[in-house]
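The residues making up each chain are set out below.
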Protein chains: 2
Amino acid sequence: MENIVIAVDAMGGDHGPSEIIRGCVSASAIETGVEIVLLGPKELLNRELKLQKASGMVRVEEAGDTISMDEEPAWAIRNKPESSIVVGNKLVKDGSAQAFVSAGNTGAVMAGALLIMGRIKGISRPAITVKCPMRTRDVYVLDAGANADCKPENLLDFAIMANSYLKSVIKISKPSVGLLSIGEERGKGNELVKEAYGLIERADLDFYGNVEGRDIALGTTDIVVCDGYTGNIVLKLSEGLVLQVMAEFKAIASSSFLTKLAGLVFRPGLMKMKERLDPDEYGGTLLLGVDGVCTICHGSSTAKAIGNAVLQAVNAVRGGVVEKIKEDLKGKPQLNV
Amino acid sequence: MENIVIAVDAMGGDHGPSEIIRGCVSASAIETGVEIVLLGPKELLNRELKLQKASGMVRVEEAGDTISMDEEPAWAIRNKPESSIVVGNKLVKDGSAQAFVSAGNTGAVMAGALLIMGRIKGISRPAITVKCPMRTRDVYVLDAGANADCKPENLLDFAIMANSYLKSVIKISKPSVGLLSIGEERGKGNELVKEAYGLIERADLDFYGNVEGRDIALGTTDIVVCDGYTGNIVLKLSEGLVLQVMAEFKAIASSSFLTKLAGLVFRPGLMKMKERLDPDEYGGTLLLGVDGVCTICHGSSTAKAIGNAVLQAVNAVRGGVVEKIKEDLKGKPQLNV
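Every value quoted in this text rests on a predicted model; they were computed, and no experiment measured them. (Residues numbered from 1 in each chain as written. Chains lettered and ligands numbered in written order. Predicted model: local features only at pLDDT ≥ 70, side-chain atom pairs only at ≥ 80, totals over all residues.)

A.B. asks: Before we go on, may I ask you to explain the overall build of chain A in this structure?
C.D. replies: For chain A, the count of helices and strands is 13 helices and eleven strands. Here the C-alpha atoms of chain A give a radius of gyration of 21 Å, agreeing with the 20 Å that 2.2 N^0.38 yields for 337 residues. For chain A, the spread of C-alpha atoms along the three principal axes comes to 65 × 60 × 40 Å. Counting the 337 residues in chain A, one finds 54% classified as buried. (Helix = DSSP H or I, 4+ residues; strand = E, 2+ residues; numbered from the N terminus. Rg over C-alpha atoms; globule rule 2.2 N^0.38 Å. Buried ≥ 20, exposed ≤ 12 C-beta atoms within 10 Å, placed from the backbone.)

A.B. asks: Just to check I follow, could you spell out the nonpolar core for this structure?
C.D. replies: Considering soluble globular proteins, one finds that nonpolar side chains tend to be buried as a cluster. Ranked by size, the top nonpolar core spans 222 residues in total, and within it A:Val8, A:Val310, B:Val8 and B:Val310 carry the most contacts. What A:Val310 contacts, discounting residues up to four positions off in sequence, is A:Ile6, A:Val8, A:Gly23, A:Cys24, A:Ala27, A:Ile36 and A:Val101. A:Ile252, A:Ala253, A:Phe266 and B:Ala253 belong to the second-largest nonpolar core, a separate cluster that totals ten residues. (Core = buried A, V, L, I, M, F, W, Y, C linked by C-beta atoms within 7 Å. Contact = placed C-beta atoms within 7 Å.)

A.B. asks: Explanation requested: the interface of chain B and chain A in the structure shown.
C.D. replies: By a frequent convention, interface size equals the accessible area lost on bringing the separate parts together. Taken residue by residue, the interface counts 43 residues in chain B and 43 residues in chain A. Only helix H8 (213-218), helix H9 (228-253) and helix H10 (257-277) of chain B provide two or more residues apiece to the side of chain B that touches chain A. Here the side of chain B that touches chain A gets 18 residues from one element, more than from any other, and that element is H9(B). Tallied by class, the residues present in the side of chain B that touches chain A amount to 23 nonpolar, twelve polar and eight charged. (Nonpolar A, V, L, I, M, F, W, Y, C, P; charged D, E, K, R; others polar.)

A.B. asks: Can you walk me through helix H13 (residues 321-328) of chain B in this structure?
C.D. replies: Along an α-helix, residues three or four apart share an orientation, since each turn contains 3.6 residues. Residues and elements named next belong to chain B. Along H13, the residues that are buried comprise Val321, Val322, Ile325 and Asp328. Viewed along the axis of H13, the buried residues span an arc of 130°, placing them on a single side of the element. Opposite the buried face of H13, at more than 90 degrees from it, the exposed residues are Glu323 and Glu327. Where H13 is buried, its residues meet helix H6 (152-168), strand E11 (293-297) and helix H12 (303-319). (Arc of directions from axis to C-beta.)

A.B. asks: Whenever I open this one, unusual backbone geometry confuses me. Can you help?
C.D. replies: All names here are of chain A. Between leucine 142 and aspartate 143 the backbone carries a cis peptide bond, its omega angle lying at 5°. Mapped onto the elements, aspartate 143 comes out in the loop between strand E6 (138-142) and helix H6 (152-168). Here lysine 171, not a glycine, exhibits a phi torsion of approximately 65°, which is positive. Since 9 C-beta atoms lie within 10 Å of it, lysine 171 is described here as exposed.

A.B. asks: Explain the pairing of strand E8 (residues 206-211) of chain A to me, please; I cannot follow it from the model alone.
C.D. replies: Regular strands have side chains that alternate between both faces of the sheet. Relative to E8(A), strand E7 (residues 176-180) of chain A is paired through five bridges, and the arrangement is parallel. The residue bridging A:Val177 from the neighbouring strand is A:Phe207, located in E8(A). (Pairing = 2+ DSSP bridges.)

A.B. asks: Would you explain the relation of the copies chain B and chain A in this entry?
C.D. replies: Copy one and copy two of the chain differ by a rotation about an axis and a translation along that axis. Of the transformation placing chain B onto chain A, the axial shift is 0.0 Å and the rotation is 180°, giving an RMSD of 0.0 Å. The two molecules are tied by a two-fold rotation axis, judged by turn and shift. Scanning chain B for the C-alpha nearest the rotation axis identifies B:Ala262, at a separation of 2.2 Å. In this assembly, 100% of the residues forming the interface of chain B have copies in chain A that are likewise at the interface, indicating an isologous arrangement. (Least-squares fit on C-alpha atoms with pLDDT ≥ 70 in both.)

A.B. asks: I tried to follow the domain arrangement of chain A on my own but got confused; where do I start?
C.D. replies: Residue and element names in this part refer to chain A. We note that the domain assignment places domain 1 (1-123 + 289-320) and domain 2 (127-279) within chain A. Each of domain 1 and domain 2 has a C-alpha centre, and the two are 26 Å apart. Tallying the contact residues gives nine residues for domain 1 and eight residues for domain 2. Among the elements that make up the side of domain 1 that touches domain 2, the one with the highest residue count is helix H12 (residues 303-319) (three residues). (Domains from an automatic or database assignment.)

A.B. asks: Would you mind going over the packing of H9(B) against H10(B) with me for this structure?
C.D. replies: Residues and elements named next belong to chain B. Across the interface, H9 lies against H10 with an axial gap of 10 Å and an inter-helix angle of 165°. Here H9 lies roughly antiparallel to H10, going by the angle between them. Here H9 runs over H10; the crossing is left-handed. Contacts between H9 and H10 pair Val242, Ile252 and Ala253 from the former with Thr259, Lys260, Gly263 and Leu277 from the latter. When the residues that make up the contact of H9 with H10 are grouped by side-chain class, the tally is four nonpolar, two polar and one charged. (Axes fitted to C-alpha atoms, helices over the stretch in contact; angles between N-to-C directions. Parallel < 35°, antiparallel > 145°, perpendicular 65-115°, else oblique. Left-handed = near helix turned anticlockwise from the far one by under 90°.)

A.B. asks: Teacher, can you tell me more about the sheet that holds E7(A) here?
C.D. replies: By way of backbone hydrogen bonds, the strands of a sheet pair with one another, either parallel or antiparallel. Residue and element names in this part refer to chain A. Read across the sheet, eleven strands follow the order E3-E2-E1-E4-E11-E10-E5-E6-E9-E7-E8 without closing on themselves; strand pairing throughout is mixed. In this open sheet, the two strands that pair with only one neighbour each are strand E3 (58-62) and E8. When the angles between neighbouring strand axes are averaged without regard to direction, this sheet yields 25°. Its contacts with the sheet place helix H1 (residues 17-30) against strand E1 (4-9), strand E2 (34-40) and E3, and it is angled at close to 170° to E2.

A.B. asks: Is there a simple way to think about the sheet that holds strand E5 (residues 127-133) of chain B in this case?
C.D. replies: All names here are of chain B. Pairing within the open sheet is mixed, and its eleven strands lie in the order E3-E2-E1-E4-E11-E10-E5-E6-E9-E7-E8. Each end of this open sheet is capped by a strand with a single partner; those strands are strand E3 (58-62) and strand E8 (206-211). Averaged over all neighbouring strand pairs, the angle between strand axes comes to 25°, with direction disregarded. Sheet topology note: the strand E4 (residues 99-102)/E11 ladder contains four bridges and is parallel. Paired with alanine 99 across the two strands is valine 293, which belongs to E11.

A.B. asks: How do you make sense of the packing of helix H4 (residues 84-93) of chain A against helix H5 (residues 106-117) of chain A when you look at a structure like this?
C.D. replies: Residues and elements named next belong to chain A. Packing of H4 against H5 leaves a shortest axis separation of 9 Å and a crossing angle of 35°. In terms of crossing hand, the pair formed by H4 and H5 is right-handed. Here Ile85, Val86, Asn89, Lys90, Val92 and Lys93 of H4 come into contact with H5, specifically with Ala108, Val109, Gly112, Ala113, Ile116 and Met117. The class makeup of the residues in the contact of H4 with H5 is eight nonpolar, two polar and two charged.

A.B. asks: It is not clear to me how the pairing of E3(B) should be interpreted in this structure. Could you clarify?
C.D. replies: Residue and element names in this part refer to chain B. With five bridges joining them, strand E2 (residues 34-40) and E3 adopt parallel strand pairing. The partner of leucine 39 across the bridge, within E3, is glutamate 61. Between the parallel pair E2 and E3, the chain is carried across by helix H2 (residues 42-51), and the sense of this crossover is right-handed. (Right-handed = clockwise from strand over helix to strand, strands pointing away.)

A.B. asks: It is not clear to me how the environment of A:Ala162 should be interpreted in this structure. Could you clarify?
C.D. replies: All names here are of chain A. For alanine 162, the position within the fold is in helix H6. Taking the number of C-beta atoms within 10 Å as the measure of exposure, alanine 162 has 27 and is therefore buried. Sequence spacing of alanine 162 and proline 175 is 13 residues, and the spatial spacing of their C-alpha atoms is 8.8 Å. In this structure alanine 162 touches Thr129, Tyr140, Leu142, Ile223 and Leu288, once residues within four positions along its chain are discounted.

A.B. asks: What should I look at first to understand the environment of B:Arg125 in this one?
C.D. replies: Residue and element names in this part refer to chain B. Tracing the chain through its elements places arginine 125 in the loop between helix H5 (106-117) and E5. Once the C-alpha coordinates of arginine 125 and aspartate 157 are considered, the two residues, 32 residues apart in sequence, prove to be 7.5 Å apart. The residues contacting arginine 125, other than those within four sequence positions of it, are Asn147, Asn154, Asp157 and Gly289.

A.B. asks: Looking at this model, I keep getting lost on the confidence of the model for chain A. Mind explaining?
C.D. replies: Averaged over every residue, the pLDDT of chain A is 93; residues scoring 70 or more account for 99%. Our summary of model confidence lists the complex with pTM equal to 0.93 and ipTM equal to 0.92. (pLDDT = per-residue confidence, 0-100.)

Below is the structure:
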């Protein structure tokens, strides 16, 4: 079997290339048959690689330019052909790599994937797909921010793509799909949701119907589909609330000698919960709908997050998510009824 | 000083009239100068009042009909003039009562308030205003579901109304206003938010600018303005997540003898937290923008929730929120620029 090649933007993220390389080195130690190509200034990266005693499965390709966090995405992609984000997307486009992982400017990574890898034919808009690790199951929410304004067809495509992803990569045989709304009954919601309902129910999906905000927390469905404005708010609110509740528990635990002691007893259970909720555990979010695997990491990603994002990208490639989406699109309902 | 009269729908809610009456009786025991008018079948309610030994400050007015939870709101309002929801709104409209409190069909209560009390002149759409008790401060989110689709002017009005409410009733001298979006910078967000930004910044408000999902949890601003679809999801997701995290702690606490013991030590702190987060504590949500005080309670409201909703309505009347909104509207920016 041929090696899987993952291109990694060594210049993205807040912690600099040595953190990213550390993540790649540890991912490469876990997975066999995976080649990691680090993109950035060759000399600098090679020096760091030597320091970290990387195996031959991690190598460097030159990308002499970088796109900073505040640059206008589309402009930067068009005007910085030597940047790590452009070079990484091109490697996937020409088949030299099967996936691109970056913790750089999110907008630029998305624009790069869209302009260079290109959209999958039949997909109206790509979407950021985020795993929310709830108690009862992992809930995949999309779009988590790629498209602030959506049309009904976009939501249909999100549902189809997420279904393909969960089937091929997460290995859930018949994922349930919920449409985020403000009432369970059909006909509840805003205009976008009401129209999207009629499209999604005609697709070959296990469509649950509308779900409400609380259903995300309850894990009512495997997939929750919404526009990118709402999805981004859902994601950030969830992170914020969990942190606040944790902080509140911490405050209770530190209020007296006795509660401090009790806190120690709770520690193992709490650590397990914290670990499950730790964003570093799942590393990145997939941009579904572009013609290649593209994993976007948070700017603050640690080595652990980068390593997990690389492994996630490997799984997406092995599962054949892009091919699966293309195949499933054949069953997409006609829109002009 | 004249008594404040609060009309209460005795027929709304899942627990029946005796639960609602219990709430009213206890509220009336707390507040002096408040008359409570219970609406429903006179005979039934009077019997219950006698059983509960209510004071003379709680009395009954006939409303022989009810609107059920699944009736089409506007139709029901037009066709059931004897229903408790129509009678209650009429009492406020003709000045016999200053506020209406109901745990009945939310859509019908809103439609009743809108059609009978009427909109405040200059307000494009009324909004449901919900208090989210965060660790650092109470955050008031609106619209929490009255308007699934909004125009920029609606969001401006929500900001103005919430500001008037917090100033006059909650007694915060200069409430900060955040616009819910998916990035802090001006220009981030969906089309609605981007346009609303330009309107809200011209109003006489302490406008913080965009806030993100996590800012609701952090308590970055006193007020968070958004469309009713998003606000409803924010509200229900928050409730759901807090319940799930609590359940998770409970599971940890019950995992062994030692953790059960430690759980007992944590109990007082946890109970305080639970009390703060308990929706029954704040009872109802205000429908701001109609020409009278209208408090909407959850169908599952307990006596405690109803009692607190009555007290909340009393405060809104005493604070003169409706007059304050009318006054503040004089400073509303012109839209046709």
